[in-house]
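Fold and contact review
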Amino acid sequence: MTSAEKPHFYGRRRGRKLRVTMQQLLDTRLPQLRLDPVASPASQFDGAPDDLFLEIGFGGGENLAAIAAARPKAGFIGAEPFVNGVASLLRHIEDGGIGNIRIWDDDVRLILDGMADETLAGAYVLFPDPWPKKRHASRRILQPAVLDQLARLIRPGGMLVLASDHPVAKGWLLQAAISHPAFSWTARRPADWRSRPEGLVPTRYMQKAEREDRVPNWFLFERRDG
Ligand SMILES: C[S@@+](CC[C@H](N)C(=O)[O-])C[C@H]1O[C@@H](n2cnc3c(N)ncnc32)[C@H](O)[C@@H]1O
């Protein structure tokens, strides 16, 4: 992708001024853990990971840290352009002694092209920015081009896990994935989208939604064969 084609990122890159210790983590640990977008992702983990996963927009990294700690032999790539979120993930990594996360601290769309087909066992898009207004629909993360890339990258039988608490975002997330021929919605009954999938932990946005009486839902899609 040339710089002329670089996608526009509409979210925040920076929030509150970081504490000195968080800035130090960014200065020292991020260069060690930053994903090299040119090299093969699997080659960037210690040992050969038995599976690779991607979390898009990991926010504060609560979920990414938890799922990575639970699967130490797998490799996890997290993409998040919000620097305070990246610092928060680095804090989780340090506190948990987690060794199997690589970080892309920019727009995820910049790394998708460079990954080989069927690289991923799964991808997570949890509580994405809802962009509820129609005129902002092009800012929503699950654009057809991104979904096509995820269809190419997730191997058959792999999972695409979506979540939202926002009525409009629930609609566009579901619509995008249901209408894509490569994905099949696994839900059989309402409990399947009402309960948090095993192994996922409450994210900051999920907790905020519950405090404000909004109902989170989770939508699990399987990558079809062929
Ligand atoms: C509403 S927050 C949710 C964060 C987290 N998943 C949670 O549940 O707490 C959405 C996040 O997606 C990130 N994001 C938006 N567009 C992105 C993109 N193109 N690539 C990577 N991350 C993105 C934003 O920076 C933001 O932190």
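Described below are features of the structure shown in this document. (Residues numbered from 1 in each chain as written. Predicted model: local features only at pLDDT ≥ 70, side-chain atom pairs only at ≥ 80, totals over all residues.)

For the rest of this paragraph, the subject is the overall build of the protein. Scanning the protein from terminus to terminus reveals eight helices and seven strands. Relative to the compact-globule value of 17 Å for 226 residues, the protein shows a C-alpha radius of gyration of 17 Å, a close match. For the protein, the residues scored as buried account for 35% of the 226 residues in total. (Helix = DSSP H or I, 4+ residues; strand = E, 2+ residues; numbered from the N terminus. Rg over C-alpha atoms; globule rule 2.2 N^0.38 Å. Buried ≥ 20, exposed ≤ 12 C-beta atoms within 10 Å, placed from the backbone.)

A word on the pairing of strand β1 (residues 52-56). With five of five residues buried, β1 is to be regarded as a mostly interior element. Side chains Leu52, Leu54 and Ile56 of β1 all project onto a buried face; the interleaved residues Phe53 and Glu55 project onto the opposite face, where all are buried too. Bridge analysis of β1 against strand β2 (residues 75-79) gives five bridges, and the strand direction is parallel. Among the inter-strand pairings, Leu52 is bridged to a residue of β2, identified as Gly75. Crossover handedness for the path β1 to helix α2 (residues 62-70) to β2: right-handed. Note: β1 against strand β4 (residues 120-126), four bridges, orientation parallel. Counterpart to Phe53 in the pairing with β4 is Gly122. (Pairing = 2+ DSSP bridges. Right-handed = clockwise from strand over helix to strand, strands pointing away.)

Take the site of the ligand next. The full set close to the ligand counts 23 residues, and Gly57, Gly59, Phe127, Thr203 and Tyr205 are the nearest of them. The element that contributes the greatest number of residues to the shell around the ligand is helix α8 (residues 204-211), accounting for three residues. (Near = placed C-beta within 6 Å.)

In this section: α2. By the burial criterion, the buried members of α2 are Glu62, Asn63, Leu64, Ala65, Ile67 and Ala68. On its buried face, α2 sits against β1, β2, α3 (83-96), β3 (101-104), β4 and α8. (Contact = placed C-beta atoms within 7 Å.)

This part covers the packing of helix α1 (residues 20-33) against α3. Contact geometry of α1 with α3 gives a least axis separation of 9 Å together with a crossing angle of 75°. Here α1 is positioned roughly perpendicular relative to α3, judged by the angle of their axes. Residues Met22, Leu25, Leu26, Arg29 and Leu30 of α1 form the contact with α3, whose own contacting residues are Val86, Ala87, Leu90, Arg91 and Glu94. For the contact of α1 with α3, the per-class residue count stands at seven nonpolar, no polar and three charged. (Axes fitted to C-alpha atoms, helices over the stretch in contact; angles between N-to-C directions. Parallel < 35°, antiparallel > 145°, perpendicular 65-115°, else oblique. Nonpolar A, V, L, I, M, F, W, Y, C, P; charged D, E, K, R; others polar.)

Here we take up the sheet that holds β3. Read across the open sheet, the seven strands follow the order β3-β2-β1-β4-β5-β7-β6; overall the sheet is mixed. This sheet does not close on itself; its edge strands, each paired only once, are β3 and β6 (183-185). Sheet twist, expressed as the average angle between the axes of neighbouring strands with direction ignored, equals 20°. α2 rests against β1, β2, β3 and β4 of the sheet, and its axis sits at about 175° to β2.

Another point: the packing of α2 against α3. Following both chains from N to C, one finds α2 and α3 inclined at 30°, their axes separated by 9 Å at the closest point. Relative to α3, the element α2 is oriented roughly parallel. The element α2 and its partner α3 pack so that their crossing is right-handed. Along the contact surface, α2 presents Glu62, Leu64, Ala65 and Ala69, while α3 presents Leu89, His92, Ile93 and Gly96. Residue composition of the contact of α2 with α3, by class: five nonpolar, two polar and one charged. (Left-handed = near helix turned anticlockwise from the far one by under 90°.)

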